[in-house]
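# Examination of the molecular architecture
These are the residues of each chain, in order.
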Amino acid sequence: MSIEIQNVSKSFGTFAALSDVSLTVPNGKLMAWLGPSGSGKTTLLRILGGLEFGDCGKIFFDNEDITDVPTRLRQVGFVFQNYALFGHMTVFQNVAFGLTIKSKGPSKSEIREKVMDLLQKVQLEHLAHRYPNQLSGGQSQRIALARALAVNPRFLLLDEPFGALDAQVRKELRRWIRQLHEDLGLTTIFVTHDQEEALEVADQVVIMNQGKIEQIGTPQQVYDAPATPFVYRFLGNVNVLPASINKGKIKFGRTEMVLEGHATVDHSETLAFVRPHEIEISRKTLFHSAGLEVIIQKIHSAGPIAKLSLSRLDNAEKIQAEVPRRQVDSLNLKEGESVLIRIQNARVFQDDYSI
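Read on for a plain summary of the structure. Computed from a prediction, not measured in an experiment: that's the story for all the values here. (Residues numbered from 1 in each chain as written. Predicted model: local features only at pLDDT ≥ 70, side-chain atom pairs only at ≥ 80, totals over all residues. Heavy atoms only, no water.)

## Overview of the environment of Pro-153
Worth spelling out the cut-off: Put simply, DSSP H or I for four residues or longer makes a helix, DSSP E for two residues or longer makes a strand, and each gets a number counted from the N terminus. Any two residues whose heavy atoms approach within 4.5 Å at even a single point are treated as in contact.
Note on placement: Pro-153 falls in the loop between helix H4 (137-150) and strand S7 (155-159). Along the backbone, Pro-153 and Leu-186 are 33 residues apart, and their C-alpha atoms lie at a distance of 8.7 Å. Every residue in contact with Pro-153, bar those within four places of it in the chain, is listed here: Gln-75, Val-76, Gly-77, Ala-148 and Leu-186.

## Points about the environment of Leu-308
Within the fold, Leu-308 resides in strand S17 (residues 305-312). Taking the C-alpha atoms as reference points, Leu-308 and Val-348, separated by 40 residues in sequence, lie 23 Å from one another. In this structure Leu-308 touches Ile-281, Ile-296, Lys-298, Ile-299, Ile-319, Gln-320, Ala-321, Val-323, Val-328 and Leu-333, once residues within four positions along its chain are discounted.

## Quick word on the packing of H4 against helix H5 (residues 167-184)
Going by this rule: Helix axes use the C-alpha atoms of the stretch in contact, all axes being lines fitted to C-alpha atoms, and the angles between their N-to-C directions lie in the range 0 to 180 degrees. Should an angle fall under 35 degrees it is called roughly parallel, over 145 degrees roughly antiparallel, and 65 to 115 degrees roughly perpendicular, with every other angle called oblique. Less than a right angle of anticlockwise turn of the near helix away from the far helix marks a crossing as left-handed, whereas a clockwise turn marks it as right-handed.
Between H4 and H5, the shortest axis-to-axis distance is 11 Å and the interhelical angle comes to 20°. As far as their axial angle goes, H5 and H4 are roughly parallel. Our pair here, H4 against H5, has a crossing hand that is right-handed. Contact with H4, carried on its side by Gly-138, Gln-141, Arg-142, Leu-145 and Leu-149, involves Val-169, Leu-173, Trp-176, Ile-177, Leu-180 and Leu-184 of H5 and no other residues of that element.

## Focus on the packing of aromatic side chains
Short version of the rule: Pairing of aromatic rings covers Phe, Tyr and the six-membered ring of Trp, with a centre-to-centre limit of 6.5 Å; geometry is then stacked below 30 degrees between planes, edge-to-face above 60, and tilted otherwise.
One pass over the structure, following the stated rule, counts seven aromatic pairs. When the centroid spacing of 5.4 Å and the interplanar angle of 5° are considered together, the rings of Phe-78 and Phe-80 count as stacked. Geometrically, the ring pair formed by Tyr-232 and Phe-349 is edge-to-face, given 6.0 Å between the ring centres and 90° between the ring planes. Here Tyr-232 is found in helix H8 (residues 229-234), whereas its partner Phe-349 is found in the segment after strand S19 (338-343), with 117 residues between them in sequence.

## Some points on the pairing of S19
To be explicit about the condition: What makes two strands pair is DSSP finding at least two bridges between them.
The pairing of strand S15 (residues 279-282) with S19 spans four bridges and is antiparallel. When the sheet's bridge partners are listed, Ile-279 is paired in S19 with Ile-343. Inspection of the sheet shows strand S16 (residues 292-300) paired to S19 by four bridges, in the antiparallel sense. Its bridge partner being in S19, Leu-292 is matched across the sheet by Ile-341.

## Details of helix H3 (residues 108-121)
Stated formally: The length a helix should cover is 1.5 Å for every residue beyond the first. Type-normalised accessible area, obtained with a 1.4 Å probe on protein chains alone, sets the label of each residue: buried when under 20%, exposed when over 50%, and partly exposed for intermediate values. Arc, as used here, means the arc of the directions from the helix axis to the C-beta atoms.
With 14 residues, H3 should reach 20 Å at 1.5 Å per residue; the first-to-last C-alpha distance of 20 Å fits that figure. Those residues of H3 that sit buried are Ile-111, Val-115, Leu-118 and Leu-119. When H3 is viewed along its axis, its buried side chains cluster within an angular range of 100° and face the same direction. Residues of H3 that are exposed and point more than 90 degrees away from the buried face comprise Ser-109, Glu-113 and Gln-120. Residues of H3 that are buried sit in contact with helix H2 (91-100) and H4. At the C-terminal side of H3, Gln-123 shows a positive phi close to 65°.

Laid out in structure tokens, this is it:
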């Protein structure tokens, strides 16, 4: 089912939670709404599910206007961060709950078949007779999802679904929910503030900030081509370096570098956005003078990627670099020594100018 959100705004008192938000969710896609706390993503999710109503704007499900339709008639499957499982019911009873309260619901045998099929899908059929307090956090999340699917929803809404789980369980559930989505093909929206989570799981990512949409795109599009400085800063680590551009060259302090794909537009003062992995590091003899001289202050080398904290010699500005650990070992880099860095890629947003 496709979803169309048109010009939705919502205020709570003097606080504008959403400001003229428009968005299309394609049929069968898994979409992540990503942003910091207070960006409006949860408010928009609640409006979509009928738990809140916008001050203005329209909501369409498959071209049907459901803006004023109550929650119970929207056929929405909800999964919340706190799971909201009924503690006095078994796992089976929790999943079956939505089916048993229907006035003209399925028979007992049909309910049992449906519930056991769902428990098999979430790989927890062996826990059917346990109670919520006997489950782990990851198991509780799967049961909450099975309960949401039991009523044959038109689409799924997941609000910070992994927020209460530890890091390892979150990673396992991310892979599992991606596979489940591919098996079911159900239009799904999940809200998160975790960038890695959104980029790994979603087909499309919507980045929100202060009640507005900053960018919509595939994970690769929003990461590789951020539309705004906010998106660049929000998606992963970034160095923001004062710079100037003159005749196709970018200048950091007294160091001038020629970069591939440069333009001829000049900027006397600007900010260059540089990812840590887009910084090349080497000995002075390899770069000669075509580099920026820095002091290595700290080397964090746990894992395959080494993270280097650097300080410019000319102005003591801090720079973060990420390089393969084997490169640190092969160059025998040491804390406290002076090396050269070369910026391989940078983005300047002033006048939408990029290099």
